[in-house]
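One letter stands for each residue in the lines below.
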Amino acid sequence: MNKLLACCFLLASGLPVRSAGIAIPIESYKLKNGLRVVLSKDNAVPVVTVYMIYDVGSRAEEKGRTGFAHLFEHMMFEGSANAPKGVHFATVESNGGTLNGSTHPDFTDYFEVLPSNKLATALWLESDRMRSLSINDANLKNQKEAVKQERRLTFDNEAYNTAIVDVWPTLMFRNWQSSHSLIGSYEDLEASSVADVSKFFKTYYAPDNAALVIVGDIQIPDAKKLVETYFADIPSQPLPKHPDLAEPPGFQAIKKVQKDPLARVPGVIVGYPGPRRRSPDYYALYMVDAILTAGDSARIRQDLVKGKQSVIQYQADLGWPFAGSLDYRDPEPYAMFLLHNPNFTGDQIVEQVQEEIAKLQSAPIDAKDLERVRTQVRSLVIQGLQSSLARARALAQYELADGNPELINTELDRAMAVTPAEIQAAAKKYLTADKRVVLEIVPAPAAPSDAAGKKGDQ
Amino acid sequence: MPPRLFALCALAAAGLAAQTVDRTKAPETPAIPDYKLAPVYDTKLPNGLGVVLVEDSRFPLVTARLNFQAGSKFDPKDAPGLAEAVATLLTEGTKTRTARQLSEQTDAIGGSLAGAAGADALTVSGNALSENLARLLELVADVAINATFPQDEVDLYKQNRIQNLLAERAEPSFLAGEKFAEVVYGSSPYAHIAPTEEAIRKLDRTALNGFRDTWLAPNNASLLLIGRLPARADLMKTIAQQFGSWQQKQVPAAPKVEPPAPRRQIVLVDRPGSVQADIHVGRLAPTRVSAEFFPLMVGNNILGGGANSRMFKNIREKEGFAYDAHSEYNTQRDASTFAAVTEVRNEVVEPAMKAVLAELDQMASTQVPAAELTNIKNYMAGGYLLRLETQNGLANQLNNMNTLGLPKNYLETYTAHVRSVEPDQVLAAAKKYMAPGQAAVVVVGDASKIGDALKKFGDVTIEKAK
């Protein structure tokens, strides 16, 4: 149920919205205990999303505790003082709703989508676990097993995922906070104690380290009253220190080849250290990504999938694989993952990608081409805001990362304003071979079956 | 943390008195709100093309579906994957547009355009910014009527589809779904969910043209438009301009689906090195127009429809055997399958199998308690609302109704149908379709690790993974 890589496979999904025809109404304020609240009313369909975001993710983990943020996220579904184990799921589902939680590099989110008559129910559940989570040995043991099983299912047993989650970060980053495995090792998961869970809860799961976003069929005064009722008396905590994510100087381009017994088709990941979030270069690279990979007329598709017939499938994003442009925080890469025709080598694919980038570096993009890409981006962004959950997620990201949920209505303008010269300059500055990190994933013959099991708990 | 830019409303909020509240139980809430579907305008062009229009003006977007009764069920026996190939290649070139022009013109309207084939239907899906609706319709009509399947695009499709098929076959869940369909549907047209490599290699323009000319006719199709639409008369005029001259033709009867009688069999698809076993236990089940549909769908959700279901609570949460434990009732126009599905680690295959069979037995032998039934009904009724939030969500629902031949009032009466299901109806449906006596068992995993455990449940046929 809970997922680690929620954003992993969305292509160019980020950057909500804009002046052209859309104005998401926003009311935001802060409770006395520091909880940030963002409300957005839309009475078209009787559905409401309650979205709780905490300002802590896998990059805050300590050595010896890889995977802990995700393990903790599982603990949030193990019950609280007034909603014991099972009640959260049962209550939401028996009212026709859906719920989930997911752990990301820099935040953790929890949401309920329900028929709108159940707004109070969702607030009751979210506030109860923020106030009084049930932390005990039995729950921890149970969720260690669930997480280990999730690792087996989603990573150890799936082609490419081990390379993506365990190997790729070690090439892209040198700061341990970013380079360690976010799903964690079996040893570290096993070593986690109830004391670790309690400390993490107290440190990070306080109202002043969180934001609550409600989107959908609500009346603002009623919603405010309910938020006050359920959350106002949860005590704040000293704001936690955030991890130092700075990469040490002396970056070097690197290439590694990884064998994958589960893969049948070769793949290659190409990445480059990216710019700061919301800097001018960030918007320029966002448009570079759209030119290369968004829509059927994208250059990777037209020139490599169709022209050279070398690439079969691809995905790319600012922040790939664990983040997207919306939840991109520094430092993050711009990266692309390509499955390719085995008649080509990984080196050839990398060269072909670099040639596409070289076209953007050598001359400004044609005005007509850029206009088409802008229209495509505008449409993708608007489409991405149709569900109350998607709007809530975007509002939460802007609140947490930028302190300004209103950006949902203006960010697209920044992307639309990027000029051909800026695109050319950003491609030249960031996407060069001497700043390139490459991971080739090569299908290997199936290992003898006893070697495929992972150490630790068999 | 970046500095916060505002705290404008903090004072106002602080002024609201917190109400005292009893936190020990879930709050009292009002009744589930009513939702009425936007009016659906339903008509036909003189050439037989069905037209369905639904206004949704929340966002400046339009969504289109052009649905043909021409899914993989219509694949010739020796050409599995033909419908899918036709669907994919429709957008790769027409009499007046190259593939690249189609892509560029689609992106230029902020749109997407793609064909896909399911078991029953082939659907062309498109969307665009609403200001570009006329151009979207022009593109949809062009690919549906004038596709030419250029040789170089066919060659590329074949090459890439073979690679994709290899990637799909690397997934245990794909292998399990494929084998389960084969086992349940026997030699009937629903038995294949994917092409074979051999069939892809043999694919040519003659076969593609033949399929297109046989099945893609206006009188075998329905056009659905949802979004911020222009005035009705103007829109109908645009539709007639694009689709009106499309010639009606005689369409052959759809192939018959006559699956074999269900019987107990255990098939193990060997996947050396697998650390998991993917288990399907199930059988043939009734279609959506059957009176047994709603009782069995309610039963399916009780057994394995989400985190409140028995399989999730017992097999995942209580026993910890699996991360995923659920059940599926996959309905198609002429036949359906029901299956309990779980993916477990090798060491617990035997107890997990026992647990799955016990859950199925329980469903088939004991009436569902009233509270559990009410919960599941609310789950289904609320889930229905949630699916209608986006244009794609609504379009998929309406398109699916067309694919499956459901009555026009299906969506509007869905909730009432769910609420009317009685416990004895669930029991009767479960006795017939969930009792494991005649259920087929399909497992994908490492035979050297799990073969012995499976043999405790009967004779096991071991097959190699394709």
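Keep in mind it's a predicted model, so treat the numbers as computed, not measured.

Student: Describe in detail the overall build of chain B, supporting the description with residues and values.
Tutor: The secondary structure content of chain B amounts to 17 helices and 12 strands. A compact globule built from 466 residues should have a C-alpha radius of gyration of about 23 Å, and chain B, at 25 Å, falls within 12% of that. Summarising its shape, the C-alpha atoms of chain B cover approximately 70 × 60 × 55 Å along the three principal directions. Looking at chain B as a whole, 57% of its 466 residues are labelled buried. Long-range pairs, those at least 24 residues apart, make up 81% of the contacts in chain B between residues at least 6 apart in sequence. A total of about 18,800 Å² of accessible surface is found on chain B, and carbon and sulfur atoms cover 52% of it. Here chain B contributes 49 positively and 51 negatively charged side chains, and the mean placements of these two sets differ by 2 Å.

Student: Could you give an account of the nonpolar core, naming the residues involved and the relevant values?
Tutor: In globular proteins that are soluble, nonpolar side chains generally tend to be buried together. Core analysis: the biggest nonpolar cluster contains 98 residues, and A:Tyr51, B:Val281, B:Val344 and B:Met353 have the highest contact counts within it. Of all the elements, helix 12 (residues 349-365) of chain B adds the most residues to this core, at eight residues. With 51 residues, the next largest nonpolar core counts A:Val48, A:Met52, A:Val92 and A:Phe231 among its residues.

Student: Quick one: what's the story with helix 17 (residues 447-455) of chain B, residue by residue and with numbers?
Tutor: Buried residues of helix 17 of chain B: B:Ala447, B:Ile450, B:Gly451, B:Ala453 and B:Leu454, and no others. Check the buried side of helix 17 of chain B and you find it contacts strand 7 (265-270), strand 8 (276-285), helix 12, strand 11 (440-445) and strand 12 (460-464) of chain B.

Student: Go over the packing of helix 11 (residues 310-318) of chain B against helix 12 of chain B with me, naming the residues and quoting the values.
Tutor: Residue and element names in this part refer to chain B. Where helix 11 contacts helix 12, the axes come no closer than 11 Å and their chain directions differ by 155 degrees. As summarised for this structure, helix 11 and helix 12 are arranged roughly antiparallel, according to the angle between their axes. Between helix 11 and helix 12 lies a crossing whose hand is right-handed. Contact residues: Arg310, Met311, Asn314 and Ile315 in helix 11; Ala355, Val356, Glu359, Gln362 and Met363 in helix 12. A class-by-class count of the residues in the contact of helix 11 with helix 12 yields five nonpolar, two polar and two charged.

Student: Talk me through empty space enclosed by the protein; I want residue IDs and the actual numbers.
Tutor: A probe matching the size of a water molecule, rolled over the atoms, marks out where space remains unfilled. Residue and element names in this part refer to chain A. For the structure shown, the criterion picks out nine cavities of 30 Å³ or more. Taken as a whole, the second largest cavity encloses approximately 90 Å³ of empty space. Around the second largest cavity sit 13 residues that line it, and Pro105, Phe173, Ser178, Phe322 and Glu332 are the ones nearest its centre. For the lining of the second largest cavity, the residue count by class is nine nonpolar, two polar and two charged.

Student: Before we move on, can you summarise the pattern of salt bridges with the specific residues and values?
Tutor: Enumeration according to the criterion identifies 56 salt bridges over all chains in this entry. Of the charged contacts in the structure, one is a salt bridge between A:Arg131 and A:Asp233, with a shortest N-O distance of 3.0 Å. With A:Arg131 in helix 3 (residues 119-132) and A:Asp233 in the loop between helix 9 (220-231) and strand 7 (254-260), the pair connects residues that are 102 residues apart, well separated along the chain. Taking the relative accessible area as the measure of exposure, A:Arg131 reaches 25% and is therefore partly exposed. Salt bridges sharing partners connect three or more residues here, namely A:Asp296, A:Arg301, A:Lys306, B:Glu92 and B:Glu153.

Student: Outline the environment of B:Val267, listing residues and values.
Tutor: Here B:Val267 shows up in strand 7. The sequence separation of B:Val267 and B:Glu463 amounts to 196 residues, and the corresponding C-alpha distance is 7.3 Å.

Student: Which residues make up the pairing of strand 5 (residues 122-129) of chain B, and what are the values?
Tutor: Each regular strand carries side chains that alternate between the two faces of the sheet. A large share of strand 5 of chain B lies buried, amounting to seven of its eight residues. In this antiparallel pair of consecutive strands, strand 4 (residues 112-117) of chain B and strand 5 of chain B, the connection spans four residues.

Student: Which residues make up the packing of aromatic side chains, and what values do they have?
Tutor: Residues and elements named next belong to chain A. Per the counting criterion, the structure on display carries 28 aromatic pairs over all chains. On the numbers, 4.8 Å between centres and 55 degrees between planes, the contact of phenylalanine 200 with tyrosine 204 is tilted. Remark: tyrosine 204 and phenylalanine 200 occur in helix 8 (residues 194-204); sequence separation between them is four residues, near one turn of the helix. Take phenylalanine 200: its relative accessible area is 9%, and that puts it in the buried class.

Student: Go over the interface of chain B and chain A with me, naming the residues and quoting the values.
Tutor: The partner chain A presents 95 residues to the 93 residues of chain B that form the contact. Taking both partners together, chain B and chain A bury about 8,200 Å²; carbon and sulfur atoms supply 56% of that area. Counting the surface chain B buries against chain A, the share from its top three residues, B:Arg23, B:Tyr323 and B:Glu389, is 10%. Run the count over chain B and chain A and you get six salt bridges.

Student: Tell me about the sheet that holds strand 4 (residues 98-103) of chain A, and name the residues and values.
Tutor: Strand pairing in a sheet is mediated by backbone hydrogen bonds. Such pairs are either parallel or antiparallel. All names here are of chain A. Strand order in the open sheet made by the six strands is 1-2-6-3-5-4, with mixed pairing throughout. With one partner strand each, in any of the chains shown, strand 1 (27-30) and strand 4 form the two edges of the open sheet. Direction aside, the axes of adjacent strands within the sheet are offset by 10 degrees on average. Direction of pairing for strand 4 relative to strand 5 (residues 108-115): antiparallel, over a ladder of six bridges. Across the sheet, the residue bridging to threonine 103 is threonine 108, located in strand 5.

Student: Any details on the pairing of strand 9 (residues 311-318) of chain A? Residues and values, ideally.
Tutor: All names here are of chain A. Counting buried positions along strand 9 gives seven out of eight residues, so the element sits mostly inside the fold. Pairing geometry for strand 9 and strand 10 (residues 333-340), over seven bridges, is antiparallel. Of the residues in strand 10, the one forming a bridge with alanine 316 is methionine 336.

Student: Give a detailed account of the sheet that holds strand 1 (residues 40-44) of chain B, specifying residues and quantitative values.
Tutor: All names here are of chain B. Overall, mixed pairing links the six strands, which are arranged 1-2-6-3-5-4 in an open sheet. Taken across any chain shown, the strands that pair with only one partner, and hence form the sheet edges, are strand 1 and strand 4. When strand polarity is set aside, the average angle formed by the axes of neighbouring strands in this sheet is 15 degrees. Note that strand 2 (residues 50-55) and strand 6 (residues 221-227) share six bridges and pair parallel. Paired with valine 51 across the strands is leucine 223, a residue of strand 6.

Rules and cut-offs
- Residues numbered from 1 in each chain as written.
- Chains lettered and ligands numbered in written order.
- Predicted model: local features only at pLDDT ≥ 70, side-chain atom pairs only at ≥ 80, totals over all residues.
- Heavy atoms only, no water.
- Helix = DSSP H or I, 4+ residues; strand = E, 2+ residues; numbered from the N terminus.
- Rg over C-alpha atoms; globule rule 2.2 N^0.38 Å.
- Buried < 20%, exposed > 50% of the residue type's maximum accessible area, 1.4 Å probe, protein only.
- Contact = heavy atoms within 4.5 Å.
- Areas by Shrake-Rupley, 256 points an atom, 1.4 Å probe, with all protein chains shown as cover.
- Lys, Arg positive; Asp, Glu negative; His and termini not counted.
- Charge placed at Lys NZ, Arg CZ, Asp CG, Glu CD.
- Core = buried A, V, L, I, M, F, W, Y, C linked by side-chain atoms within 4.5 Å.
- Axes fitted to C-alpha atoms, helices over the stretch in contact; angles between N-to-C directions.
- Parallel < 35°, antiparallel > 145°, perpendicular 65-115°, else oblique.
- Left-handed = near helix turned anticlockwise from the far one by under 90°.
- Nonpolar A, V, L, I, M, F, W, Y, C, P; charged D, E, K, R; others polar.
- 1 Å grid on protein atoms, 1.4 Å probe; cavity = no way out; pocket = protein on both sides within 12 Å on 5 of 7 lines; lining within 4 Å.
- Points joined across faces, edges and corners; volume = space filled by probe spheres on them.
- Salt bridge = Lys/Arg side-chain N within 4 Å of Asp/Glu carboxyl O.
- Pairing = 2+ DSSP bridges.
- Phe/Tyr/Trp six-rings, centres within 6.5 Å; stacked < 30°, edge-to-face > 60°.
- Buried area = accessible area lost by both parts, 1.4 Å probe.

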